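Remarks on the overall topology
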Amino acid sequence: MAEQVGNVDVDWLGNDIIIEAIRDPDVEGVTCHIAYFERGLVDRLSNGNWFEDPSNSAISCRQTGPITIGDIDRSDEGEDVFSQRMSIILKSLRVKRIFDESNQVLIYIAHAREVESGSAKMSISTVPLYGQR
């Protein structure tokens, strides 16, 4: 569902910032770009912690066409739009959508989900629906 659109080398250890485009499957006309850190092989060998990438991420969502809202969760918990593992078992990167109906705004939040010790690292983006039907 995600399409890699960028790969930024950040050091000689093979660490990269990966940028992916994610189209919201239930809201036509909205695309989110998410950036996250991916550790390289040299970093994994020298620092241990083989099977895990950091929880850091950033997100930006924009209208990329006419917006058509499908059958979406309208609760304050919202719903997952995207999920990707950041470790073998314990950690995943998630993007949730929350519909702020009274202000006519879609809110997208990227955050790490961990089995224990949840992370406070998050990033948020909004798409106004002003003038949309």
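As a starting point, this report considers the structure included with it.

Parameters and conventions
- Residues numbered from 1 in each chain as written.
- Predicted model: local features only at pLDDT ≥ 70, side-chain atom pairs only at ≥ 80, totals over all residues.
- Heavy atoms only, no water.
- Salt bridge = Lys/Arg side-chain N within 4 Å of Asp/Glu carboxyl O.
- Helix = DSSP H or I, 4+ residues; strand = E, 2+ residues; numbered from the N terminus.
- Buried < 20%, exposed > 50% of the residue type's maximum accessible area, 1.4 Å probe, protein only.
- Pairing = 2+ DSSP bridges.
- Axes fitted to C-alpha atoms, helices over the stretch in contact; angles between N-to-C directions.
- Disulfide = S-S within 2.5 Å.
- Core = buried A, V, L, I, M, F, W, Y, C linked by side-chain atoms within 4.5 Å.
- Contact = heavy atoms within 4.5 Å.

**Here's the deal with the pattern of salt bridges**
Here the structure, examined in full by the defined rule, presents 6 salt bridges. The salt bridge involving Arg94 is made with Asp80; its shortest N-O contact spans 3.1 Å. Here the residue Arg94 occupies a position in strand S6 (residues 91-100), and Asp80 occupies one in strand S5 (residues 79-85), the gap between them amounting to 14 residues. Residue Asp80 is classed as partly exposed on the basis of its relative accessible area, which comes to 39%. The structure contains a network of salt bridges with shared partners spanning Asp24, Asp26, Glu79 and Arg97.

**Things to note about the sheet that holds strand S2 (residues 16-23)**
Taking strand neighbours across the sheet as the criterion, the 4 strands line up as S1-S2-S3-S4 in an open arrangement whose pairing is antiparallel. Edge positions in the sheet fall to strand S1 (2-9) and strand S4 (57-69), since each has one partner strand and no second. Neighbour to neighbour, the strand axes of the sheet diverge by 15° on average, direction disregarded. Relative to strand S3 (residues 27-38), S2 runs antiparallel, the two sharing 8 bridges. When the sheet's bridge partners are listed, Glu20 is paired in S3 with Ile34.

**Points about the state of the cysteines**
A complete count under the given rule lists 1 disulfide for this structure. The disulfide partner of Cys32 is Cys61, and the gap between their sulfur atoms is 2.1 Å. When the S-S torsion is 105°, as for the bridge of Cys32 with Cys61, the disulfide is right-handed. Placement of Cys32 in strand S3 and of Cys61 in strand S4 is noted, with a sequence separation of 29 residues between them. Accessibility classification places Cys32 together with Cys61 in one group, the buried group.

**Remarks on the environment of Phe37**
On the secondary structure map, Phe37 appears in strand S3. Sequence separation of Phe37 and Asp16 is 21 residues, and the distance between their C-alpha atoms is 5.9 Å.

**Side note on the nonpolar core**
Ranked by size, the top nonpolar core spans 21 residues in total, and within it Val27, Val30, Ile59, Val95, Leu106, Tyr108 and Val127 carry the most contacts. For this core, the secondary structure elements donating two or more residues are S2, S3, S4, S5, S6 and strand S7 (105-114). Considering each element in turn, this core owes the most residues, 5 residues, to S3. Apart from residues lying up to four places away in sequence, Val95 is in contact with Ile34, Ile59, Glu79, Asp80, Val81, Phe82, Tyr108, Ile109 and Ala110.

Don't take any of this as a statement about function, it's just geometry.
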